[in-house]
Amino acid sequence: MRPVRVRFAPSPTGPLHIGGVRTALYNYLFAKQHQGTFILRIEDTDQTRFVPGAEEYIREALDWCGISPDEGVVEGGKYAPYRQSERKNIYQQYTQQLLDAGYAYYAFDTSDELNTMRERLQAEGKNPQYDATSRMSMKNSLTLSEEEVAAKLKSDEPYVLRIKTPEDEEIQLNDLVRGEVKVHSSTLDDKVLLKSDGLPTYHLANVVDDYLMKISHVIRGEEWLPSAPLHVLLYRYLGWEDSMPQFAHLPLLMNPDGKGKLSKRSGDRFGFPVYPFDWKNPQSEEVSPGFRESGYLPEATVNFLALLGWHPGDEEELFSLEELVKVFGLDRVSKAGAKFDIEKAKWFNQQYLKELPNSSLAKYLLKDLSENGIESSPEKAEQVCGLMKERITFPQEIWSTAQYFYQPPEHYDEKMVRKKWKAEASDALLAYAEVLEGSDEKLSAESAKQQLQQLLEDRQMGLGKVMPALRLALTGQGGGPDLMSTMEVLGRQEVMSRIRQAVEQLNGNT
Ligand code: GLU
């Protein structure tokens, strides 16, 4: 096999969609598995769709996922520049080559003329496109005389360059995901290769750059499959068929209900992020939520994305990036669209979150605490995180569900109060507070338990009668992490004071 060189080639026309991140990931995995090279090429020849900040966003997203390019706009490399707008001069000679060989032609039609043509074809019940059947009725170098063409070029009349697609030919390509793909040339249109602004279109720049950058495999989304036959023709017409990359078109990401392509609108409709990070639209200032800000960890996002359209062949689902490099293969990429299941993404997040060291998780909590004007030692934050991490999906939930580690409860869960706050329990709790008051050692989960057990034994009461009331008094809630460990984190004074506060507040109500 020739050296593996793959590229992720986004256009900076807006925020990178999460499906784009998946394409980048599959390219990266494939490259690394074959000791190959992963390239980031920015395809910005369509200046009208350029969005400021989009390129930085793309680079940051790849970086967040840990899939750094080996060659690219920032990394540089042997085939630099990697930004197509900086490669303008390169494309010229290839358009000339196509023109000289008769595979491309000048077209001078105005947009009005193009519209008239489309309307006419539509009215005739034909495919309204500029193609092998319609081109001979248009204003181009196939229909005009050589002198007329020369005069138009001389007078700077705007023109585009179009590919001359064959009239009657079956174009074949072998796709590593889809197998043999055959397309009849009569369905293709004579796509513009060079625009009137002198810049190449995506098709030409993409093929020329893939060739020049020695790309071995083109791994990209299914939406590009219809363009592949045209690319095959370009390779042929430029005499590069022997070094044409192999194609692999990845399945689309579909909405959770399987209906329609995953889009920004689906994110809004179903209430989940479809971008790696928050994206602020530079014009409308509207912010679309991202995976990162929603609390997804990069490892979980990568794992989730890897399985959207690829399956490992067994039941195993948890894979680090390094493991994915080992097990990934294009042969197990499915043809069918992959349903975007956000519940699965949450599940992955839980799995990775509970494996995080408490100190990493504490950073999130400390940030939330400081935003709420609460001071905490890193040690306490780590302890809280250690207790909470099995019970949450996102880091921000630690603060929202376990504020009681930092503030006494203001409310007590009413249902639990009705069910579990009994005179007998409240008496026992007060007595427990007395016991704690009398002891001067640091409260540990162990000692807290021992003292409580002793007290209940003396009173001939079961733990079950008191624990729910104790939890209620300390946290205001009916459930939570291990209560004895919770007490250790709260400390002796706080436990005593909260018991007394609850007794005072709740006994009045029962
Ligand atoms: N510039 C194209 C895009 O925005 C690249 C498609 C391809 O990989 O060929 O996705």
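Residues numbered from 1 in each chain as written. Predicted model: local features only at pLDDT ≥ 70, side-chain atom pairs only at ≥ 80, totals over all residues. Heavy atoms only, no water.

1. A look at the pattern of salt bridges
And step 1. Tallied over the full model, the rule gives 29 salt bridges.
And step 2. One salt bridge connects K280 with E285, and the closest N-O pair in it is separated by 3.8 Å.
And step 3. Two residues, E494 and R498, come together in a salt bridge whose shortest N-O distance is 2.7 Å. Here R498 and E494 lie together in helix α21 (residues 492-507), a separation of four residues that amounts to about one turn.
And step 4. Here the salt bridges do not stand alone but share partners, grouping R7, R41, E43 and D210 into one network. (Salt bridge = Lys/Arg side-chain N within 4 Å of Asp/Glu carboxyl O. Helix = DSSP H or I, 4+ residues; strand = E, 2+ residues; numbered from the N terminus.)

2. Side note on the environment of C65
And step 1. Here C65 shows up in helix α2 (residues 54-65).
And step 2. Take C65: its relative accessible area is 8%, and that puts it in the buried class.
And step 3. As a C-alpha pair, C65 and P276 span 211 residues in sequence and 9.1 Å in three-dimensional space.
And step 4. If we ignore the near neighbours within four places in the chain, the residues touching C65 are V21, V302 and L321. (Buried < 20%, exposed > 50% of the residue type's maximum accessible area, 1.4 Å probe, protein only. Contact = heavy atoms within 4.5 Å.)

3. Comments concerning the pairing of strand β7 (residues 179-184)
And step 1. Strand direction decides the pairing type here: strand β6 (residues 170-175) and β7, joined by six bridges, are antiparallel. If you follow L173 over to β7, its bridge partner there is V181.
And step 2. The turn joining β6 and β7, which pair antiparallel and follow one another in sequence, is formed by three residues. (Pairing = 2+ DSSP bridges.)

4. So, the site of the ligand
And step 1. Neighbouring residues of the ligand: R7, A9, P10, S11, E43, Y202, N206, R220 and W224.
And step 2. In this structure, a nitrogen atom belonging to the ligand sits 2.6 Å away from a side-chain N or O atom of E43.
And step 3. Measuring from an oxygen atom of the ligand, one finds a side-chain N or O atom of Y202 at 2.8 Å.
And step 4. The protein chains hide 85% of the 300 Å² of surface that the ligand would expose on its own.
And step 5. Comparing atom positions with the cavity grids shows the ligand to sit within the largest pocket. (Near = heavy atom within 4 Å. Polar contact = N/O pair within 3.5 Å; in protein donor to acceptor, adjacent residues only side chain to side chain. Areas by Shrake-Rupley, 256 points an atom, 1.4 Å probe, with all protein chains shown as cover. 1 Å grid on protein atoms, 1.4 Å probe; cavity = no way out; pocket = protein on both sides within 12 Å on 5 of 7 lines; lining within 4 Å. Sits in = over half its atoms within 2 Å of the grid points.)

5. Here we look at the side chain of N349
And step 1. Along the chain, N349 falls in helix α12 (residues 342-353).
And step 2. In this structure N349 comes out as buried when scored by relative accessible area, which is 0%.

6. So, the sheet that holds strand β8 (residues 192-194)
And step 1. Strands sit in the order β4-β5-β8 across an open sheet of three strands; the sheet is antiparallel. Every other strand in the sheet has two partners, leaving β4 (104-107) and β8 as the edge strands with one partner each. Direction aside, neighbouring strands of the sheet carry axes that sit 45 degrees apart on average.
And step 2. The sheet contact formed by β4 and strand β5 (residues 160-163) spans four bridges and is antiparallel. Bridge pairing in β5 links A107 to V160. (Axes fitted to C-alpha atoms, helices over the stretch in contact; angles between N-to-C directions.)

7. Some points on unusual backbone geometry
For residues besides glycine, phi is generally negative; the peptide bonds are generally trans as well.
And step 1. That bond from A80 to P81 is cis: its omega, 0 degrees, falls within 30 degrees of zero.
And step 2. Structurally, the position occupied by P81 is in the loop between β3 (71-72) and α3 (88-100).
And step 3. Of note in the backbone geometry, D156 takes a positive phi value of approximately 60 degrees without being a glycine.
And step 4. Mapping D156 onto the fold places it in the loop between α5 (146-154) and β5.
And step 5. For D156, a relative accessible area of 65% corresponds to the exposed category.
And step 6. Backbone geometry at E285 places phi at a positive 65 degrees, although glycine is not the residue there.
And step 7. Note that E285 resides in the loop between β12 (279-280) and β13 (287-288).

8. Focus on a positive patch on the surface
And step 1. Side chains of K415, R418, K419, K420 and K422 sit close together on the surface and give a patch of like positive charge.
And step 2. Along the chain, K422 turns up in the loop between α16 (414-420) and α17 (423-438). (Patch = residues over 30% accessible without salt bridge, like charges linked within 9 Å, V, L, I, M, F, W, Y side chains within 5 Å. Lys, Arg positive; Asp, Glu negative; His and termini not counted. Charge placed at Lys NZ, Arg CZ, Asp CG, Glu CD.)

9. Brief notes about the nonpolar core
Proteins that are soluble and globular tend to have nonpolar side chains buried together.
And step 1. In this structure, F340, F405 and W421 are the most contacted members of the largest nonpolar core, which totals 153 residues.
And step 2. Considering each element in turn, this core owes the most residues, nine residues, to helix α1 (residues 18-33).
And step 3. One finds Y105, A107, M117 and V160 within the second-largest nonpolar core, a separate group that totals eight residues. (Core = buried A, V, L, I, M, F, W, Y, C linked by side-chain atoms within 4.5 Å.)

10. With respect to the layout of surface pockets
And step 1. Here the largest pocket defines a volume of roughly 1,200 Å³.
And step 2. The set of elements that each furnish at least two residues to the lining of the largest pocket consists of β1 (5-8), α1, α6 (202-212) and β9 (217-221).
And step 3. The element that contributes the greatest number of residues to the lining of the largest pocket is α1, accounting for five residues.
And step 4. In terms of residue class, the lining of the largest pocket is made up of 17 nonpolar, 15 polar and twelve charged. (Points joined across faces, edges and corners; volume = space filled by probe spheres on them. Nonpolar A, V, L, I, M, F, W, Y, C, P; charged D, E, K, R; others polar.)

Function cannot be read off these values alone, since they describe shape.
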